[in-house]
Amino acid sequence: MSASTPGQTRRSFVLVCILLSLFMSAIEVTIVATAMPQIVRDLGGFSLYSWVFSAFLLTQTATTVIFGKLSDIYGRKRVIVAGTIVFLIGSALSGIAWSMESMILFRLIQGVGAGAMQPIAVTIAGDIYTPRERLKIQAALSGVWAAAAIVGPFTGGLIVEYFSWSWVFWINIPIGIL
């Protein structure tokens, strides 16, 4: 068994970070979907129900290309860190939403951050791994989506049952800081 080099250790650390970033962004839709009935019960505004999801996905999709270009200009690390910060601000604000309108606005902010996190995470993996290694890494990145699809609804249900719907958003804060 060979000892790992500082370069391998650094790449492993970066991989864990981008997997966490991707996980936060991927789980967001599924965990919130489970909490939405309680959110609507507390905030009202059932007619705006779909906008909570649409706001997030719309801004995430619209900003993906923008952040890709910005990462080419300013560097991947700066853009993914900035995106994570914006995502966490949107998460914290979503947790204190006082109306469906405020929830939609805060989900827009969260979606902007996710628009930086997802594509830049994949780009970073492409930058630091050889084409041969990327096959394994792509499997890990895809596995994050599968895990989010399973863990999100279950976790969202537990959080709503035993805590408050606000925690489906606040749970991102320690993950994002990590």
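Another point: the nonpolar core. If you look at the biggest cluster of nonpolar residues, it comprises 38 residues, and the most contacted ones within it are Val 32, Met 36, Ile 39, Met 103 and Trp 165. Put simply, the parts of the chain that give this core at least two residues each are helix H1 (6-43), helix H2 (49-74), helix H3 (76-95), helix H4 (100-128), helix H5 (131-162) and helix H6 (167-170). In terms of residue count, the dominant contributor to this core is H1 (13 residues). With near-sequence residues (within four places) excluded, Trp 165 lies in contact with Ala 35, Gln 38, Ile 39, Asp 42, Leu 43, Ser 94, Gly 95, Ala 97, Met 103 and Val 160. Grouped together as the second largest cluster of nonpolar side chains are six residues, Phe 56, Phe 87, Leu 88 and Ala 114 included.

Attention shifts here to the packing of H2 against H3. In a packed pair of helices, the relevant descriptors are the angle between the two axes and the axis-to-axis distance. Running from amino to carboxyl end, H2 crosses H3 at an angle of 150 degrees, the nearest separation of the two axes being 8 Å. Here H3 runs roughly antiparallel to H2, going by the angle between their axes. Regarding H2 and H3, the two cross each other, and that crossing is right-handed. Contacts between H2 and H3 involve Phe 56, Phe 67, Leu 70, Ser 71, Asp 72 and Tyr 74 from the first element and Arg 76, Arg 78, Val 79 and Phe 87 from the second. Residue classes in the contact of H2 with H3 are distributed as six nonpolar, one polar and three charged.

Turning to the side chain of Glu 28, a few remarks are in order. Here Glu 28 shows up in helix H1. Reaching out from Glu 28, the side chain makes a polar contact with the side chain of Arg 107 at a distance of 3.0 Å. Here Asn 172 takes part through its side chain, which lies 2.8 Å from a polar atom of the side chain of Glu 28. If we skip the residues at most four places from it in the chain, Glu 28 touches Phe 56, Phe 87, Arg 107, Gln 110, Val 168, Phe 169 and Asn 172.

If you trace the backbone, Ser 25 turns up in helix H1. Among the residues examined, Ser 25 registers a relative accessible area of 2% and is labelled buried. A distance of 2.7 Å separates the side chain of Ser 25 from the side chain of Gln 118, its partner in a polar contact. The residues contacting Ser 25, other than those within four sequence positions of it, are Phe 56, Gln 60, Phe 87, Ala 114, Met 117 and Gln 118.

We now examine the packing of aromatic side chains. In the structure shown here, the tally under the stated rule is five aromatic pairs. A centroid spacing of 5.6 Å and a plane angle of 75 degrees characterise the contact between Trp 98 and Phe 106, whose relative ring orientation is edge-to-face. Overall, the relative accessible area of 6% leaves Phe 106 in the buried class. Ring centres of Trp 165 and Phe 169 lie 6.3 Å apart, and the angle between their planes is 90 degrees; this geometry places the pair in the edge-to-face category. Taken as a pair, Trp 165 and Phe 169 share a single burial class, namely buried.

Looking now at the pattern of salt bridges. Charged atoms that come close allow side chains of opposite charge to pair. One pass over the full model with this rule turns up four salt bridges. Across the pair Arg 11 and Glu 133 runs a salt bridge, and its minimum N-O distance is 2.8 Å. Taken together, the residues span a long stretch of sequence, with Arg 11 in helix H1 and Glu 133 in helix H5 at a distance of 122 residues. Exposure remark for Arg 11: the relative accessible area of 24% places this residue in the partly exposed category. For Arg 76, the salt bridge is made with Asp 72, and the minimal N-O distance between the two is 2.8 Å. Look at the salt bridges and you will find they share partners, linking Asp 72, Arg 76 and Asp 127 into a network.

Calculation rules
Residues numbered from 1 in each chain as written. Predicted model: local features only at pLDDT ≥ 70, side-chain atom pairs only at ≥ 80, totals over all residues. Heavy atoms only, no water. Core = buried A, V, L, I, M, F, W, Y, C linked by side-chain atoms within 4.5 Å. Buried < 20%, exposed > 50% of the residue type's maximum accessible area, 1.4 Å probe, protein only. Helix = DSSP H or I, 4+ residues; strand = E, 2+ residues; numbered from the N terminus. Contact = heavy atoms within 4.5 Å. Axes fitted to C-alpha atoms, helices over the stretch in contact; angles between N-to-C directions. Parallel < 35°, antiparallel > 145°, perpendicular 65-115°, else oblique. Left-handed = near helix turned anticlockwise from the far one by under 90°. Nonpolar A, V, L, I, M, F, W, Y, C, P; charged D, E, K, R; others polar. Polar contact = N/O pair within 3.5 Å; in protein donor to acceptor, adjacent residues only side chain to side chain. Phe/Tyr/Trp six-rings, centres within 6.5 Å; stacked < 30°, edge-to-face > 60°. Salt bridge = Lys/Arg side-chain N within 4 Å of Asp/Glu carboxyl O.

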